[in-house]
Number of protein chains: 2
Amino acid sequence: MKIAVLGDGAWGSALANLLVANGHDVRLWGPFPDYVDEMRRTRLNPRFLPQLHFSERIVFLADLREAVEQAELIVLSLPTKYARPLLEKLRGVVPPGAILVNIAKGLEEGTLKRMGELVAELVGETRYASLSGPSHAEEVATGTPTAVVAASLDKKAGMFVQQAFMNKYFRVYYCDDIVGVELGGAFKNVYAIAAGIIDGMGLGDNPKAALVARSLAELTRLGRALGGKAETFAGLSGLGDLIVTCYSRHSRNRSVGEQLGKGKSLEGILQGMGMVVAEGIVTVKSAHALSLREKIEAPIVHELYAALYSSKPPRECIKQLMERAAKPEVY
Amino acid sequence: MKIAVLGDGAWGSALANLLVANGHDVRLWGPFPDYVDEMRRTRLNPRFLPQLHFSERIVFLADLREAVEQAELIVLSLPTKYARPLLEKLRGVVPPGAILVNIAKGLEEGTLKRMGELVAELVGETRYASLSGPSHAEEVATGTPTAVVAASLDKKAGMFVQQAFMNKYFRVYYCDDIVGVELGGAFKNVYAIAAGIIDGMGLGDNPKAALVARSLAELTRLGRALGGKAETFAGLSGLGDLIVTCYSRHSRNRSVGEQLGKGKSLEGILQGMGMVVAEGIVTVKSAHALSLREKIEAPIVHELYAALYSSKPPRECIKQLMERAAKPEVY
């Protein structure tokens, strides 16, 4: 099968190799022609996934139209903030019947739109799926057993994606809840920053587990208000990804929180990251705005927003969360 | 308020200190008179929580009747396998109106009964609550922020327990789902062994997060069949405790799995543990029996049962779990 991977980040690169291993013809498109040349020549991606060695069978392209030509699957792997210009260029060049598979996690700043909504707005009517779950690229690149979800309203498309990606070390479930899968993937980055703060402060295992459990409750409240299903948030793309992002040393968002917990400023942290994107820093603004718009109680998001954008000391945020009035667990 | 803590394990000891700090009169009863003497004299519990120093205000007693006399709260903190003889002795000596608060996590072997069921059977009609959540004793003993749930069918009793235990570093929610809280607390120990196996094999963060997420799905299927509520399993006493047990270095059950993953035999592991109990080793038998009795699909429990009791190599178990047929996520 002909597959185009659009975006040369860590996750797109790891999946390009996986898809080749599954027997597909893979074209990898990147936004910077010079860097595409470098990757083609060296078979390496030093900027985003230095440990990966690209398969010799991947075709590198800097021309978008050429990359998607005759593709049956088009994998969208650019960070959300670069999605709009890419999707605008895709309009009219997506081959009939091709399935767009989103693997990016975030909401567009300002509009608060999910990738599924952006695709519908900018590309128009198309077969669409979202692939998400606990899947650090660093591990998939080395064949570590991984399980994810492919969500699509079009069951045939979902199962097609499942078959294209699934192999002995990459297990793909399918579901029909795109909204839940995309919101879980976006919001988990927010809570991973909060978990990182607890790590950075050296608080302990009990408070971190409590935070993750209460994060799932909050994420589920927010996500259901926006049309996602509770069982999706409790699954691989919600809880599973939340856990891996809160506990893995590979997680960029957790690492941002860890530095905050140690007293670094957001500005200083961002300077140290270079071109690498931690989606949660922006998504916390979206989650904050959504919780106000939908009138959903989201104390963790609110404290985190204050920590990131009003320089509220993390210790104050934790105190506030612990000393709220006595409550029932579910409300 | 007069409170009796029955059992001198790590968790009972840490909570005895916490209850004293909250201003209560606390009597701590232990099953071995010599050891009770030693704890009274040294204010230490070297066997179960060596880092703890008991408050001078705790009264140590080896006489059960004396310990529960005039108590308004009676905390049950003995491992499940010692519960039956203790509860038989409690029958008729529980003061009228006193609330029994269970903090042990497990099911009785053979009968597969929860603590709430054992109390009803052996003590008779009484006010009853179960306190559970992500709460390693080692951390509560040092004032680490911790959040748990107090479950009771009797809302007043639940809120009474909440008020007795809650303080600035120990947050207590209440709920009415005793079944869910007790099953979550019991089953999480089973899945923690599975998570430990992944650690021991050095598999990675993706498979561990996938396992924990699929464990919650399986635990919820099993628990709902037995009368618990889905939202309880997604809360502190289910998910929260599952996470802390799967990720904390303090967890005995995770450590059992880690040693299995490194190739040790169950016999060798048990020999190394001495008097310390890892409830999950027994609970996996109960969970296995319950899944067969209720006809609930529980692949993780079944593979773990085979690893523990039929010496199935862990690598084979993982392979089996990853290579099942393609499926929808929720079924």
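These figures come from a predicted structure and were not determined experimentally.

Definitions and cut-offs
- Residues numbered from 1 in each chain as written.
- Chains lettered and ligands numbered in written order.
- Predicted model: local features only at pLDDT ≥ 70, side-chain atom pairs only at ≥ 80, totals over all residues.
- Heavy atoms only, no water.
- Pairing = 2+ DSSP bridges.
- Helix = DSSP H or I, 4+ residues; strand = E, 2+ residues; numbered from the N terminus.
- Axes fitted to C-alpha atoms, helices over the stretch in contact; angles between N-to-C directions.
- Contact = heavy atoms within 4.5 Å.
- Domains from an automatic or database assignment.
- Salt bridge = Lys/Arg side-chain N within 4 Å of Asp/Glu carboxyl O.
- Polar contact = N/O pair within 3.5 Å; in protein donor to acceptor, adjacent residues only side chain to side chain.
- Nonpolar A, V, L, I, M, F, W, Y, C, P; charged D, E, K, R; others polar.
- Phe/Tyr/Trp six-rings, centres within 6.5 Å; stacked < 30°, edge-to-face > 60°.
- Buried < 20%, exposed > 50% of the residue type's maximum accessible area, 1.4 Å probe, protein only.
- Lys NZ or Arg CZ within 6 Å of the ring centre and 35° of its normal.
- Buried area = accessible area lost by both parts, 1.4 Å probe.
- Least-squares fit on C-alpha atoms with pLDDT ≥ 70 in both.
- Parallel < 35°, antiparallel > 145°, perpendicular 65-115°, else oblique.
- Left-handed = near helix turned anticlockwise from the far one by under 90°.

This part is about the sheet that holds strand β3 (residues 59–61) of chain B. Pairing between the strands of a sheet is mediated by backbone hydrogen bonds and can be parallel or antiparallel. Residues and elements named next belong to chain B. One open sheet holds the 8 strands; their spatial order is β3-β2-β1-β4-β5-β6-β7-β8, and the pairing between them is mixed. Edge positions in the open sheet fall to β3 and β8 (170–175), since each of these has one partner strand only. Neighbour-to-neighbour, the strand axes of the sheet open up by a mean angle of 25°, direction not taken into account. Relative to the sheet, helix α4 (residues 83–90) contacts β1 (2–6), β2 (25–29), β4 (73–76) and β5 (99–102), its axis offset from that of β4 by approximately 160°. On top of the sheet, helix α8 (residues 178–201) reaches β5, β6 (127–132), β7 (146–151) and β8; it is set at about 40° to β6, its chief contact.

All names here are of chain A. In terms of domain boundaries, chain A breaks down into domain 1 (2–176) and domain 2 (184–322). Here the C-alpha centre of domain 2 lies 25 Å away from the C-alpha centre of domain 1. Contacts between the two partners involve 24 residues from domain 1 and, on the opposite side, 26 residues from domain 2. Inspection of the domain 1/domain 2 interface yields 3 salt bridges. A salt bridge links K285 to E109; the nearest nitrogen and oxygen atoms lie 3.1 Å apart. Summed over the shared surface of domain 1 and domain 2, the result is 4 residue pairs in polar contact (both at pLDDT 80 or more). For the side of domain 1 that touches domain 2, the secondary structure elements donating two or more residues are α6 (137–140) and β7 (146–151). The element best represented in the side of domain 1 that touches domain 2 is β7, accounting for 3 residues. Residues belonging to the side of domain 1 that touches domain 2 are distributed by class as follows: 10 nonpolar, 6 polar and 8 charged.

As enumerated under the stated definition, the model contains 9 aromatic pairs over all chains in all. Taking the centre distance of 6.4 Å and the plane angle of 55° together, the rings of A:W11 and A:F170 count as tilted. Linking A:W11 in helix α1 (residues 10–21) with A:F170 in strand β8 (residues 170–175), this pair joins segments that are 159 residues apart in sequence. On the basis of relative accessibility, which here comes to 14%, the residue A:W11 falls in the buried class. Over the ring of A:Y247 we find A:K208, and its NZ or CZ is 4.1 Å from the ring centre. Its guanidinium or amino end placed over the ring of A:Y173, B:R214 lies 4.4 Å from that ring's centre, counting from NZ or CZ.

Before going further, it helps to examine the pattern of salt bridges. Residue and element names in this part refer to chain A. Following the criterion strictly, the structure yields 36 salt bridges over all chains and no others. D241 serves as the salt-bridge partner of K188, at 3.6 Å between the closest nitrogen and oxygen. Of this pair, K188 sits in helix α8 (residues 178–201) while D241 sits in helix α11 (residues 236–247), placing them 53 residues apart in sequence. On the basis of relative accessibility, which here comes to 7%, the residue K188 falls in the buried class.

The next thing to look at is the interface of chain B and chain A. In this complex, chain B contributes 54 residues to the contact, which on the side of chain A involves 54 residues. In total, about 4,400 Å² of surface goes out of reach between chain B and chain A, with carbon and sulfur atoms giving 61% of it. Considering only the side of chain B, the residues that lose the most area to chain A are B:N206, B:M322 and B:E329, jointly responsible for 18% of the buried surface there. Here chain B is connected to chain A by 0 salt bridges. Our enumeration of links across chain B and chain A arrives at 10 residue pairs in polar contact (both at pLDDT 80 or more). If you list the elements that add at least two residues to the side of chain B that touches chain A, you get α6 (137–140), β7, α7 (155–165), β8, α9 (205–225), α11 (236–247) and α16 (314–322) of chain B.

This next bit is on the environment of B:G23. All names here are of chain B. Within the secondary structure layout, G23 lies in the loop between α1 (10–21) and β2. Owing to a relative accessible area of 48%, G23 belongs among the partly exposed residues under this scheme. Sequence separation of G23 and K89 is 66 residues, and the distance between their C-alpha atoms is 28 Å.

Turning to the relation of the copies chain B and chain A, a few remarks are in order. For the pair chain B and chain A, the relating rotation is 180°, the translation along its axis is 0.0 Å, and the fit reaches an RMSD of 0.0 Å. Look at the turn and shift together and you get a two-fold axis relating the two. In terms of proximity to the rotation axis, the leading residue of chain B is B:A234, whose C-alpha is 3.5 Å off the axis. A shared interface surface links the copies, since 100% of the contact residues of chain B are contact residues in chain A too.

Our next topic: the sheet that holds β8(A). Residue and element names in this part refer to chain A. The strand order across the open sheet formed by 8 strands is β3-β2-β1-β4-β5-β6-β7-β8, and the pairing between neighbours is mixed. Across the chains shown, the open sheet's two edge strands, defined by having one partner strand only, are β3 (59–61) and β8. Neighbour-to-neighbour, the strand axes of this sheet turn through a mean angle of 25°, independent of strand direction. Bridging between strand β5 (residues 99–102) and strand β6 (residues 127–132) involves 4 bridges; their strand directions are parallel. Residue pairing in the sheet places N102 in a bridge with S130 of β6.

Moving on, we come to the packing of α8(B) against α9(B). All names here are of chain B. α9 packs onto α8 with a crossing angle of 155° between their chain directions and a minimal axis gap of 10 Å. One way to sum up the angle between α8 and α9 is to call them roughly antiparallel. In the crossing of α8 with α9, the sense of the turn from one axis to the other is right-handed. Between α8 and α9, the contacting residues are L183, G184, F187, K188, Y191, A194, A195, I198 and D199 on the first element and P207, K208, L211, S215, E218, L219, L222 and G223 on the second. Residues that form the contact of α8 with α9 fall into these classes: 10 nonpolar, 3 polar and 4 charged.

Let us look at unusual backbone geometry. Its identity as a non-glycine residue notwithstanding, A:L112 has a phi of 60°, on the positive side. In this model, B:R43 sits at a positive phi of 55°, which is unusual for a non-glycine residue. In this fold, B:R43 is placed in the loop between α2 (33–42) and β3. The exposure class of B:R43 is buried, given its relative accessible area of 8%.

A pair of packed helices can be characterised by two numbers: the angle between their axes and the separation between those axes. All names here are of chain A. It is the contact of α8 with helix α12 (residues 252–261), at a shortest axis distance of 6 Å, that shows an interaxial angle of 40°. It follows from the interaxial angle that α8 and α12 lie oblique. Crossing angle aside, the handedness with which α8 passes α12 is right-handed. On the side of α8, the interface is formed by N189, A192, I193, G196, I197, D199, G200 and M201, while α12 contributes N253, R254, V256, G257, E258, L260 and G261. Residue composition of the contact of α8 with α12, grouped by class: 6 nonpolar, 6 polar and 3 charged.

So, on to the pairing of β8(A). Residue and element names in this part refer to chain A. For β8, a buried count of 6 out of 6 residues is recorded, marking the element as mostly surrounded by other parts of the structure. Side chains F170, V172 and Y174 project from β8 onto one buried face, and the interleaved R171, Y173 and C175 project onto a second face that is buried too. Here 6 bridges tie β7 to β8, and the two strands are oriented parallel to one another. Of the residues in β8, the one forming a bridge with A150 is Y174.

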